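# A look at the structure
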Amino acid sequence: MQRTILEKAEPVAEGAVSLLLRGADGPLAPWEPGAHIDLALPNWLTRQYSLCGNPADRDTYRVAVRHDRLSRGGSEYIHLFLNEGRTLDVSVPRNNFPLLPAPEYQFLAGGIGITPIVPMLTAAVEAGASATLVYVGRSLATMPFADELRAAHGSRVRIHTTEQHGRPDFAAEAAALSPRALVYCCGPTSMLDAAEAAFPAQQLHIEHFRPVAKEFAPNKPFDVRCARSGRTVRVSAEDSMLDALNHAGFRIPSGCREGVCGSCEIALVDGEPEHRDDIGAPPGRMYCCVSRALSSDLTVDL
Amino acid sequence: MITHDHHSTSGDAISETRPRRISFAEVRARIGEPEDLIKGKIHDRLDRYCRRFIAHSPFLAMATSDATGLPDSSPRGDYPGFVKVLDERTLAIPDRPGNKLADSFRNLAENDGIGLMFVIPGMREVLRVNGRAYPTDEPDVLARMRTEGKEAELAIVVELTEVFFHCGRALIRSRLWDPASQALAEELPSMGEIAIDQMGLDDADPTVLEEMLEDDYRHLY
């Protein structure tokens, strides 16, 4: 965790504020476009927000938060109760949505999903790639950073307001897409679904900030063999692997506890995992807050 | 482990003669009239201070009563702000897994009156909310109570009629937030020992019961 001070909380669109967090103990940990931090709130909740400032600025992090109508207490707290000047703990940045090298990029952002895209677009342009952004929102007033993006990137940014123009035509975007281009998409579930339907999977990278509704077979108990410590931990059907490991005395960090943030990543040595997260675990890794085992046991590096 | 508490019967003699009952007029004569300032503290909607209090409260006591007026008080707790403010006169309290007795829900079905006392650790004053309540399964309300990937199955909607801050004297006298007060808990036998004695399970091992309880406490949602 890193200690920061909330230097500024200011509206950036209807129902959206940006938070400027200054490192309280010197420079903050470095990050790359697409990264997010866990923000520990005074009401004990931890929430993940994509960094949308300048990666070269090591003194501050910037995030932006939409007040969710169905807030469970994170965005509501930030909007109604968080005061400037308060100390807030944040995690070291993690990147589940890294910008891979490519000659061309097509960025697609919906509403507050613009946040990871802001530094990604800048980085792509600075790298000399050809990059365009389709930024979708209900109306201009609800779209954070629209002016900032147009000022910085001009005609590379196309603003699409659904109130006036309806849903964007991703099929047309996909038809015009260069085979050398990578597509990065962040936005509401409906937009991610539309992008997945329109763009070739091998060119598309998407980021979820909400778990996707999925069905799994009923939980079965399994054993976790911990290779380094030589211990075996039983995970009952009612327990999560994260809770069982923590109860056994391992100190596994956790954030969202629903498979979107990646804080509980552990290294898998052997066995067949059942990945239930929305990050897409790389080989040899798993997110133990939601993921379980298909085999009767797993061996992990703990 | 305890078997029988040898102090337990010594106070029972009082049942021979009940303490005398006095009228409300006599009570009023003893304690005097409230000042106008105190009367004026009662509001019929939540202002920003009440909302901030509720947003930081991880615990409340919820009082309901049955059709005959027999009351019951039940603890509710979760992360601060677990009670959702739907608007300036409406709250929603999540119902998490408990003992399935559903005492509060049964009471609300007979008598919709409800009294809440919100507490914030470290804060001497408490917030009291009284009103009328009913159970709901409204998806938009339950969605706001989703915790650790699990939704509350039910919630209690409270339409408030009065809300006010209650002074801190009781919490000051009780030293409730003084860490030294926690030593009081050491004066009680364990819940395993109590359960064995209360249920007459003389052969049972209290540590087994305690482990069962601890295991149960690991599944809070």
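Note that residues are indexed from 1 along each chain, following the sequence as it is written. All chains are assigned letters beginning with A, and all ligands numbers beginning with 1, in the order in which they are written. Two thresholds apply to this predicted model, a pLDDT of at least 70 for residue-level local features and 80 or more for giving and counting side-chain atom pairs, whereas whole-chain, interface and lining totals are computed over all residues.

### Focus on helix H8 (residues 206-217) of chain B
Numbering goes from the N terminus for both helices and strands, where a helix is a DSSP run of H or I of at least four residues and a strand is a run of E of at least two. Helix span, expected: 1.5 Å multiplied by one less than the number of residues in the helix. With 12 residues, H8 of chain B should cover 16 Å at 1.5 Å per step; its first-to-last C-alpha distance of 16 Å lies within 8% of that length. Among the 12 residues in H8 of chain B, zero count as buried, and that is only a small part of the element. Residue burial is a threshold on neighbouring C-beta atoms within 10 Å of the residue's own C-beta, all placed from the backbone, with 20 or more meaning buried, 12 or fewer meaning exposed, and counts in between meaning partly exposed.

### Some details on the sheet that holds strand S14 (residues 265-270) of chain A
Residue and element names in this part refer to chain A. Two strands pair under a simple rule: DSSP has to find at least two bridges between them. Across the sheet, five strands lie side by side as S13-S12-S18-S14-S16; this open sheet has mixed pairing. One side of each edge strand has no neighbouring strand; the edge strands of this open sheet are strand S13 (231-235) and strand S16 (285-287). When strand polarity is set aside, the average angle formed by the axes of neighbouring strands in this sheet is 40°. With three bridges joining them, S14 and S16 adopt antiparallel strand pairing. Looking across to S16, one finds that isoleucine 266 is bridged to methionine 286. To obtain an axis, a line is fitted to C-alpha atoms, over the contacting stretch when the element is a helix, and the angle between two such axes runs from 0 to 180 degrees between their N-to-C directions.

### Quick notes on the nonpolar core
Counting residues in hydrophobic clusters, the biggest one holds 85 residues, and the most contacted among them are Val63, Phe107, Ala109, Ile117 and Ala195 of chain A together with Val158 of chain B. The contact rule is simple: place each C-beta atom from the backbone, and if two of them lie within 7 Å, those residues are in contact. Those residues in contact with phenylalanine 107 of chain A, other than ones at most four positions away along the chain, are Ile117, Met120, Leu121, Ala131, Thr132, Leu133 and Tyr184 of chain A. Counting residues in each nonpolar core, the second largest holds 20 residues, with Phe222, Val235, Leu298 and Leu302 of chain A among its members. Put simply, a nonpolar core is a cluster of buried Ala, Val, Leu, Ile, Met, Phe, Trp, Tyr and Cys residues tied together by C-beta atoms within 7 Å.

### Things to note about the sheet that holds strand S3 (residues 84-87) of chain B
Residues and elements named next belong to chain B. Ordered by their spatial adjacency, seven strands build an open sheet running S2-S1-S5-S6-S7-S4-S3, and the pairing between neighbours is antiparallel. Taken across any chain shown, the strands that pair with only one partner, and hence form the sheet edges, are strand S2 (71-77) and S3. Across this sheet, the average inter-strand angle for adjacent strands is 35°, counted without regard to direction. Relative to strand S5 (residues 113-119), strand S1 (residues 59-65) runs antiparallel, the two being bridged by five bridges. Counterpart to alanine 63 in the pairing with S5 is glycine 115.

### Observations concerning the packing of helix H7 (residues 191-199) of chain B against H8 of chain B
Packed helix pairs are characterised by how far apart their axes lie and by the angle those axes make with each other. Residue and element names in this part refer to chain B. Closest axis-to-axis distance for the H7/H8 pair is 8 Å, and the angle between their directions is 115°. Once H7 is placed against H8, the crossing between them reads as right-handed. Between H7 and H8, the contacting residues are Met191, Gly192, Glu193, Ala195 and Ile196 on the first element and Pro206, Thr207, Leu209, Glu210 and Leu213 on the second. Note on residue classes: Ala, Val, Leu, Ile, Met, Phe, Trp, Tyr, Cys and Pro are nonpolar, Asp, Glu, Lys and Arg are charged, and everything else, Gly too, is polar. Across the contact of H7 with H8, the residue classes tally to six nonpolar, two polar and two charged. Each crossing gets its handedness from the near helix: less than a right angle anticlockwise from the far helix is left-handed, clockwise is right-handed.

Without other data, these values stay purely geometric and don't point to any function.
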